[in-house]
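# An overview of the molecular structure
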Amino acid sequence: MPPVSAAALLLCPVCRNRLGFSGGAARTLVCPANHSFDAAKQGYFNFLVGKGTVFEADTADMVAARFDFLSAGHYRPLAGAVAEVAAPVLSGGTAQNPGTVLDAGTGTGHYLRALLDRMAVDRTPTAAVGLDISKFALRRAARLNPEAVNLVCDVWQPLPVADGAADVVTVVFAPRNAGEFARVLRPGGRLIVVTPRPGHLGEIAGRAGMLGIDPAKDERLAASLEGHFSSLSADNLDVPLLLAPDDVARLALMGPAGHHLDRGALASLAAALPPLTSVSARFRISVFEPRR
């Protein structure tokens, strides 16, 4: 499914008019008011306009660590599980009216890639938009998912997506703008949220300087969505990992703690680890329906 189909979901971040591609190369998005956005050479579009965000974007080395870790397949079971949850909601897509997914906080694009591959197995046309605040992440995502429209965008601002345009919104370890997610989802659409559970990466978290998991995380998730969404399901997924020292370092660096970790201390930790470290990844996949 070419990105032209996904462009039909988009709103201009300046004037909120509909956007579309100008010409046949799918390299310039333009609205009726002639606001235009050219693709970067890596294929993503920068939609950061107006007041700057207070959200700290992932750095180049954090993104590189995540890309290498996810490319090694360590979290592939999670990506597959998210795809299996989303697939039934997207199953009615046709060439004229494809199913639509918004991946908010798409990062390097690996989770969206798994979902698009899952829909390709079913031969179900699917239009996709990936959003992230980090241009370094979008450079990777645009290469991995060229059939999606990949946008540098602040999730805390009004999203550049039309009302009721998305069948599925996926949020994997990313911020949640409940009001905007509810607005862009169609009636009967699904919000799929992945969060870590207590004990996630517990074998290495303390030694690697990673942030702890709030025991009240589920309650905070429910509170953040209250008034906009109703809970439909919540399933746990445990993934046992055997990680080489370099992958332990990447795992620490790729998360929120990566903004503050001492790189020298992290290298020293990796050097002191055994050839393989057993680590437990513990996830919760929660599904919500917008309230109308």
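Let us look at the structure shown here. Just so you know, the residues in each chain are numbered from 1, in the order the chain's sequence is written. Confidence filtering applies because this is a predicted model: local features only for residues at pLDDT of at least 70, side-chain atom pairs given and counted only at 80 or more, and all residues used for totals across whole chains, interfaces and linings. For the side-chain quantities, the full set of heavy atoms in the structure was used; hydrogens and water were omitted.

Attention now goes to the overall build of the protein. For the protein, the count of helices and strands is 10 helices and 11 strands. The atom set for the radius of gyration is the C-alpha atoms, and the globule formula is 2.2 Å times the number of residues raised to the power 0.38. In summary, the protein has a C-alpha radius of gyration of 19 Å against a globular reference of 19 Å for 292 residues, a match within 12%. C-alpha extents for the protein along the principal axes are approximately 60 × 40 × 40 Å. Within the protein, contacts between residues at least 6 apart in sequence are counted, and of these 69% link residues at least 24 apart. As displayed, the protein offers around 12,800 Å² of accessible surface, 54% of which is attributable to carbon and sulfur atoms. Counted as positive: Lys and Arg. Counted as negative: Asp and Glu, with His and the chain ends omitted from the count. A charged residue contributes its charge at one atom only: NZ of Lys, CZ of Arg, CG of Asp or CD of Glu. If you average the places of the 28 positive and of the 26 negative side-chain charges in the protein, the two averages end up 3 Å apart. To qualify as a helix, a DSSP run of H or I must reach at least 4 residues; to qualify as a strand, a run of E must reach at least 2; elements of each kind are numbered from the N terminus. Pairs of residues are marked as contacts when any of their non-hydrogen atoms sit within 4.5 Å. Calculation of accessible area relied on Shrake-Rupley with a 1.4 Å probe; when residues are assessed, cover is drawn exclusively from the protein chains displayed.

Pairing is antiparallel in the open sheet, where three strands are placed in the order 1-2-3. Each edge of the sheet is formed by a strand with only one pairing partner; in this case those strands are strand 1 (20–21) and strand 3 (36–38). Strand pairing follows a simple DSSP-based rule, namely that at least 2 bridges must link the two strands. Taken together, the two bridges between strand 1 and strand 2 (residues 28–30) define a ladder with antiparallel strand orientation. Counted as the bridge partner of G20 is V30 from strand 2.

This next bit is on the pattern of salt bridges. Whenever a carboxyl oxygen of Asp or Glu lies within 4 Å of a side-chain nitrogen of Lys or Arg, that contact is scored as a salt bridge. The tally for this structure, following the rule as stated, stands at 13 salt bridges. As a salt-bridge pair, R118 and E84 come within 2.5 Å of each other at their nearest N and O atoms. Remark: E84 occurs in helix 3 (residues 76–90) and R118 occurs in helix 4 (residues 110–121); sequence separation between them is 34 residues. Here D238 and R197 are joined by a salt bridge, their closest N and O atoms 2.7 Å apart. With D238 in strand 10 (residues 229–243) and R197 in the loop between strand 9 (185–196) and helix 7 (202–205), this residue pair connects regions lying 41 residues apart in the sequence. Accessible area is worked out with a 1.4 Å probe on protein chains only. A residue is then buried under 20% of its type maximum, exposed over 50%, and partly exposed in between. When its relative accessible area of 49% is taken as the criterion, D238 is described as partly exposed. What makes R197 buried here is its relative accessible area of 12%. Connected via shared salt-bridge partners are D68, D247 and R250.

Function-wise, these values are silent; they only describe arrangement.
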